[in-house]
Amino acid sequence: ECLLHVKEMTMQREVEIEVDSMDKAGNFIGYMWVDNSNLSVQLVSEGYASMHFTADKSPYANMIKNAEDSAKAGKKKIWANYTGEEETAVQAEEEAKQLNEERKVNYEEILVSEVTDEGKIYGCSTKDGRALEALMSSIREEFSSNPPLAGAYVPKRNEICAAKFVDNEWYRAKVEKVSGSDVSVLYIDYGNRAVVPKTKVATLPASLNSQPGFAKMYSLALCSMPEDEEMAALSIQGLKEDLLDQSVKINVEYRVGSDQYVTVHDKSTDEDIGKGLVSDGLLLVDRKAGRKLASLLKEYEDAMSQAKKAHLNIWRYGDITADDAKEFGK
């Protein structure tokens with residue numbers, strides 16, 4: 001069935017290939033683009049294939065992972081009987097293994113471009129700043145020279161397209177949902193989300209689709225938000241005030257599946273921003289077992305204890321038990 005699907009998509013059609021490497025037999029290994037669609041992502045999104053572990057380091061890793069998650073949720077093809085129980089057990093085992101390793105500190109500087117309502121942060125490495133600026137310049141030039149015909153593009157879920165933002169400029173975006181005349185998109189180079197009319201999305205030329213999205217998603221390590229909506233809103237406000245549009249240093253402490261959990265530090269003072277938000281009574285501590293973060297966890301717990309005693313922000317009405325907390329993105 002998969003073979004037939006690929007034949008129908010590619011036979012007697014012009015395609016573009018992106019060569020990543022070559023095997024011992026001289027066969028090219030890489031990606032194929034058909035009608036501006038990455039074939040690997042398309043096959044995974046339809047449930048014909050799963051994400052291979054070698055794709056973790058691919059520039060299209062996030063796209064492939066998102067496509068797989070969507071296929072699993074829809075129980076498509078190979079995921080028809082998927083429950084997630086086995087995967088959850090494997091993730092828990094891998095997380096426990098990571099938390100008992102030696103802690104390594106290797107800071108990367110990012111510009112935080114978005115803080116979501118789930119407490120996730122999106123950021124672009126400052127090393128990629130010039131490349132992102134060049135891409136944006138190319139997009140503006142392309143759509144200024146060749147303005148798209150409104151409504152000519154038919155958006156499909158998981159496709160990468162061009163979409164206008166509130167500033168009325170074009171940006172690269174991923175189609176997350178199509179509902180009537182509206183399209184829900186994720187701007188892959190900044191992490192923002194929006195619902196735009198179909199007249200404000202367009203085909204993205206293949207030449208502008210070769211680079212992966214510059215924005216990467218992170219969660220704060222050892223931190224969680226209160227379940228109560230009013231209290232959670234305080235957490236989000238604090239995160240935005242301290243992080244949004246700021247250049248910060250991050251260190252990846254552990255991973256859960258494809259999610260990266262990081263500590264975030266102020267560039268000039270080296271202050272741990274996550275711990276600072278905990279001490280201000282704006283975040284809870286997510287207690288992780290294991291020797292890797294034991295010392296850091298104690299610092300966070302001491303900060304939370306002080307915030308409790310002072311009845312700061314989320315603690316103003318008293319104690320909040322662990323059962324009332326939720327992890328970022330859950």
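Computed from a prediction, not measured in an experiment: that's the story for all the values here.

A short note on a negative patch on the surface
So, step 1. Among the surface-exposed residues, E241, D242, E271 and D280 lie close enough to one another that they form a single negatively charged patch.
So, step 2. Looking at the element boundaries, E271 is found in the loop between strand 14 (259–266) and helix 7 (273–279).
So, step 3. Taking relative accessible area as the criterion, E271 reaches 47% and is therefore assigned partly exposed.

Thoughts on the nonpolar core
So, step 1. Core analysis: the largest hydrophobic core is formed by 40 residues, its most contacted members being L239, L243, V248, V264, V278 and L283.
So, step 2. Considering every element that reaches this core, the biggest residue donor is helix 8 (residues 294–309), with 6 residues.
So, step 3. Counting residues in hydrophobic clusters, the runner-up holds 36 residues, among them I64, A67, C124 and I139.

Quick word on the side chain of K292
So, step 1. Take K292: it is sitting in the loop between strand 15 (284–285) and helix 8.
So, step 2. One buried charge, K292, has no salt-bridge partner; the nearest side chain with opposite charge is E101, at 4.4 Å.
So, step 3. Among the polar contacts made by the side chain of K292, one reaches the main-chain carbonyl oxygen of E253 at a distance of 2.5 Å.

Some words on the layout of surface pockets
So, step 1. Put simply, the second largest pocket is a space of about 530 Å³.
So, step 2. Taken together, 24 residues line the second largest pocket, and the ones lying closest to its centre are S37, Q42, K156, R157 and E159.
So, step 3. Looking at the lining of the second largest pocket element by element, the count peaks at 3 residues for helix 2 (residues 39–45).
So, step 4. By residue class, the composition of the lining of the second largest pocket is 9 nonpolar, 8 polar and 7 charged.

A look at helix 8
So, step 1. The end-to-end C-alpha separation of helix 8 is 23 Å, in line with the 22 Å expected for 16 residues at 1.5 Å each.
So, step 2. Buried within helix 8 we find L296, L297, Y300, A303, M304 and A307. Summarising the axial view, the buried residues of helix 8 lie within an arc of 125°, below the 170-degree limit, and thus occupy one face. Counted as exposed and oriented over 90 degrees from the buried face of helix 8: S295, K298, Q306 and K309.
So, step 3. Of the surrounding secondary structure, the elements contacted by the buried residues of helix 8 are strand 12 (223–226), strand 14, helix 7 and strand 15.
So, step 4. One or two residues past the end of helix 8 sits H311, with phi positive at roughly 55°.

With respect to the environment of L239
So, step 1. For L239, the position within the fold is in helix 6 (residues 229–243).
So, step 2. Take L239: its relative accessible area is 0%, and that puts it in the buried class.
So, step 3. Note: C-alpha distance between L239 and S268 (29 residues apart in sequence) is 18 Å.

Reading the values: rules and limits
- Residues numbered from 1 in each chain as written.
- Predicted model: local features only at pLDDT ≥ 70, side-chain atom pairs only at ≥ 80, totals over all residues.
- Heavy atoms only, no water.
- Patch = residues over 30% accessible without salt bridge, like charges linked within 9 Å, V, L, I, M, F, W, Y side chains within 5 Å.
- Areas by Shrake-Rupley, 256 points an atom, 1.4 Å probe, with all protein chains shown as cover.
- Salt bridge = Lys/Arg side-chain N within 4 Å of Asp/Glu carboxyl O.
- Lys, Arg positive; Asp, Glu negative; His and termini not counted.
- Charge placed at Lys NZ, Arg CZ, Asp CG, Glu CD.
- Helix = DSSP H or I, 4+ residues; strand = E, 2+ residues; numbered from the N terminus.
- Buried < 20%, exposed > 50% of the residue type's maximum accessible area, 1.4 Å probe, protein only.
- Core = buried A, V, L, I, M, F, W, Y, C linked by side-chain atoms within 4.5 Å.
- Polar contact = N/O pair within 3.5 Å; in protein donor to acceptor, adjacent residues only side chain to side chain.
- 1 Å grid on protein atoms, 1.4 Å probe; cavity = no way out; pocket = protein on both sides within 12 Å on 5 of 7 lines; lining within 4 Å.
- Points joined across faces, edges and corners; volume = space filled by probe spheres on them.
- Nonpolar A, V, L, I, M, F, W, Y, C, P; charged D, E, K, R; others polar.
- Expected span 1.5 Å × (residues − 1).
- Arc of directions from axis to C-beta.
- Contact = heavy atoms within 4.5 Å.

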